[in-house]
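Each chain is listed here by its residues.
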Amino acid sequence: LIPGGWVVLVMTRWDMDDVAGRLLPREWNGDSGEFECRDGKRWRVLCIQAKCETGTDPLGRKPGEYLAPEWFDPGHWSQFEANEILWNSLYQQRPQPLGGAFFKEEQLLVLSQPGTEGRKPIYKPVPMPRYIDATLVVIDCASKDSNEHDGVGATYFGVSLHGTTPHKLYVLDWDYTQISSNLLSAWLPSIFDRCQALAVECVARMGSLGAWIEDKAGGIVLLQHAMVLGGRVTMDRRPETFARPGYAARPIDSKLTSLGKEWRNINASAPVSRGEVKFTELAFTKTSDFKGVVANHQWNQVIGFRTGVKQMANDDLDDTFCYGVAIALGNSEGF
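So, how was this worked out
- Residues numbered from 1 in each chain as written.
- Predicted model: local features only at pLDDT ≥ 70, side-chain atom pairs only at ≥ 80, totals over all residues.
- Heavy atoms only, no water.
- Helix = DSSP H or I, 4+ residues; strand = E, 2+ residues; numbered from the N terminus.
- Buried < 20%, exposed > 50% of the residue type's maximum accessible area, 1.4 Å probe, protein only.
- Polar contact = N/O pair within 3.5 Å; in protein donor to acceptor, adjacent residues only side chain to side chain.
- Contact = heavy atoms within 4.5 Å.
- Phe/Tyr/Trp six-rings, centres within 6.5 Å; stacked < 30°, edge-to-face > 60°.
- pLDDT = per-residue confidence, 0-100.
- Expected span 1.5 Å × (residues − 1).
- Axes fitted to C-alpha atoms, helices over the stretch in contact; angles between N-to-C directions.
- Parallel < 35°, antiparallel > 145°, perpendicular 65-115°, else oblique.
- Left-handed = near helix turned anticlockwise from the far one by under 90°.
- Nonpolar A, V, L, I, M, F, W, Y, C, P; charged D, E, K, R; others polar.
- Salt bridge = Lys/Arg side-chain N within 4 Å of Asp/Glu carboxyl O.

> Which parts of the structure should I look at to understand the environment of L136?
Tracing the backbone shows L136 in strand β5 (residues 134-141). Among the residues examined, L136 registers a relative accessible area of 0% and is labelled buried. With 22 residues separating them in the primary sequence, L136 and G158 have C-alpha atoms 6.7 Å apart.

What follows is the structure in structure tokens.
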């Protein structure tokens, strides 16, 4: 681009993870104006919605006012508003996950700015908790996909059941990588070390509980190696019975792993809907490169899961999330 040149991006937004979605600030809420964006550059954003939802409308409309009232009355727009996916994307330029999602941002985050007439509220993640009961990590190893290395997802949780923090379970951090089965045993100690480091950072009075691993595919290799390192640990949901396992691991109960993906999400939905599970700033803002896609894979997989739609091939972190919620707060054996 020659000095002084312009880059102009014109698009209809159909997905939260599209080009504009990766550029815009995470807290962007449909406003027009100049923004410091995630590519490190300053972009001028022009967002003309069918129904104004902001106080920065380029046409000077107030929130709630529709586009071109001299041509179209509100009844014209109601037929499109009835289709939530179409309306949010094509007409409002603020795409949302497809309908039927189990988990919503207002359940996993906390309110940052209340909504006003015609403007939706803004939510934010919570700070890293302090003085919790324990940390744990849940690991899911996908089956081999063609000639590619396995996808391995790990989600770190902080458990707080004694009322010393506002919430009971925290998503502290996550890891998503491709790794061949013969290297899994070398990768595993770094996961235990990270879980213990989080226990120190969060002042977990019972330390790290170690790992829960899906007993399938590469997870079998991990469980065998973990047992050599430190044996297994049992856990019930009363913190006073937590052990100090160090490098301990145990397989996730087969009754839970045998559930279909939708049922695993349903199994975790009750404590999430009660506001007991929250994403920390680290887990919410983190990105990583997985199969050439740089994104917050943890958040995208959890918030993007929906019923009645064929799921994406890479959803290992959604599995670890649901397993972790069930193990720490719900029914670890499934229904």
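That covers the picture; the talk isn't over yet.
> How should I be thinking about the side chain of T135 in this particular structure?
Residue placement: T135 occurs in strand β5. Looking at T135, its side chain comes within polar contact range of the main-chain oxygen of C195, at 3.0 Å. Beyond its immediate sequence surroundings of up to four residues, T135 is in contact with F157, G158, L172, C195, L198, A199, A204, G207, S208, L209 and G210.

> How should I be thinking about the packing of aromatic side chains in this particular structure?
One pair of aromatic rings is described through two measures. These are the centre distance and the angle between the planes. All chains considered together, the criterion is met by 11 aromatic pairs. Centre to centre, the rings of F103 and F321 are 5.3 Å apart; their planes meet at 75°, and the pair counts as edge-to-face. Taken together, the residues F103 in the loop between α3 (84-91) and α4 (105-108) and F321 in helix α11 (residues 316-328) connect sequence positions 218 residues apart. A relative accessible area of 1% means that F103 is categorised as buried. Classification of F321 by relative accessible area gives buried; the value is 0%. Pairing F279 with W299 gives two aromatic rings, centres 5.0 Å apart and planes at 90°, and the pair type is edge-to-face. Remark: W299 occurs in helix α10 (residues 297-304) and F279 occurs in strand β10 (residues 277-279); sequence separation between them is 20 residues. The two residues F279 and W299 agree in class, both being buried.

> It is not clear to me how the confidence of the model for the protein chain should be interpreted in this structure. Could you clarify?
Overall, the prediction assigns the protein chain a mean pLDDT of 82, with 81% of residues at 70 or greater. Taking the mean pLDDT of every element in the protein chain, the minimum, 59, falls on helix α6 (residues 218-230) and the maximum, 97, on β10. This stretch, residues 228-245, has a pLDDT under 50; its non-local contacts, to residues over four places away or in other chains, come to 55 contacts.

> Teacher, can you tell me more about α11 here?
In an α-helix, one full turn covers 3.6 residues, which means residues spaced three or four apart are oriented alike. With 13 residues, α11 should cover 18 Å at 1.5 Å per step; its first-to-last C-alpha distance of 18 Å lies within 8% of that length. Of all 13 residues in α11, 13 are buried, a share of seventy percent or more.

> Can you walk me through the packing of helix α8 (residues 261-273) against α11 in this structure?
The axes of two packed helices give the description: the angle between them and the distance between them. Taken N-terminus to C-terminus, the directions of α8 and α11 make an angle of 50°; their axes are 9 Å apart at the nearest point. Judged by the angle between their axes, α8 and α11 are oblique. Crossing handedness for the pair α8 and α11: left-handed. Only D318, D319, F321, C322, Y323, V325 and A326 of α11 make contact with α8, whose side of the interface consists of K261, R264, N265, N267, A268, P271 and V272. For the contact of α8 with α11, the class distribution of residues is 8 nonpolar, 2 polar and 4 charged.

> Sorry, what's going on with α8 here?
Here α8 is 13 residues long and its end C-alpha atoms lie 18 Å apart, about the 18 Å a rise of 1.5 Å per residue gives. Among all positions of α8, only R264, N265, N267, A268, P271 and V272 are buried. Structurally, α8 contributes buried residues whose contacts are with α4, α7 (254-257), β10 and α11. Phi for G275, located one or two positions after α8, is positive at around 80°.

> I keep staring at unusual backbone geometry and nothing clicks. Help me out?
With a phi angle near 65°, Q93 is a residue other than glycine that sits in the positive phi range. Tracing the chain through its elements places Q93 in the loop between α3 and α4. The class of Q93 is buried, set by a relative accessible area of 14%.

> Could you clarify how one ought to interpret the pattern of salt bridges in this entry?
In a structure, side chains of opposite charge can pair up when their charged atoms sit close to one another. One pass over the structure, following the stated rule, counts 15 salt bridges. Between R22 and D17 there is a salt bridge, and its shortest N-O distance comes to 3.1 Å. Take R22: its relative accessible area is 37%, and that puts it in the partly exposed class. Note on D17: relative accessible area 26%, which makes it partly exposed. For K286, the salt bridge is made with D173, and the minimal N-O distance between the two is 3.0 Å. Of this pair, K286 sits in the loop between α9 (281-285) and β11 (288-290) while D173 sits in strand β7 (residues 169-179), placing them 113 residues apart in sequence. Judged by relative accessible area, K286 falls into the partly exposed class, the value being 23%. Taken together, the salt bridges that share partners define one network made up of K261, R264, D315 and D319.

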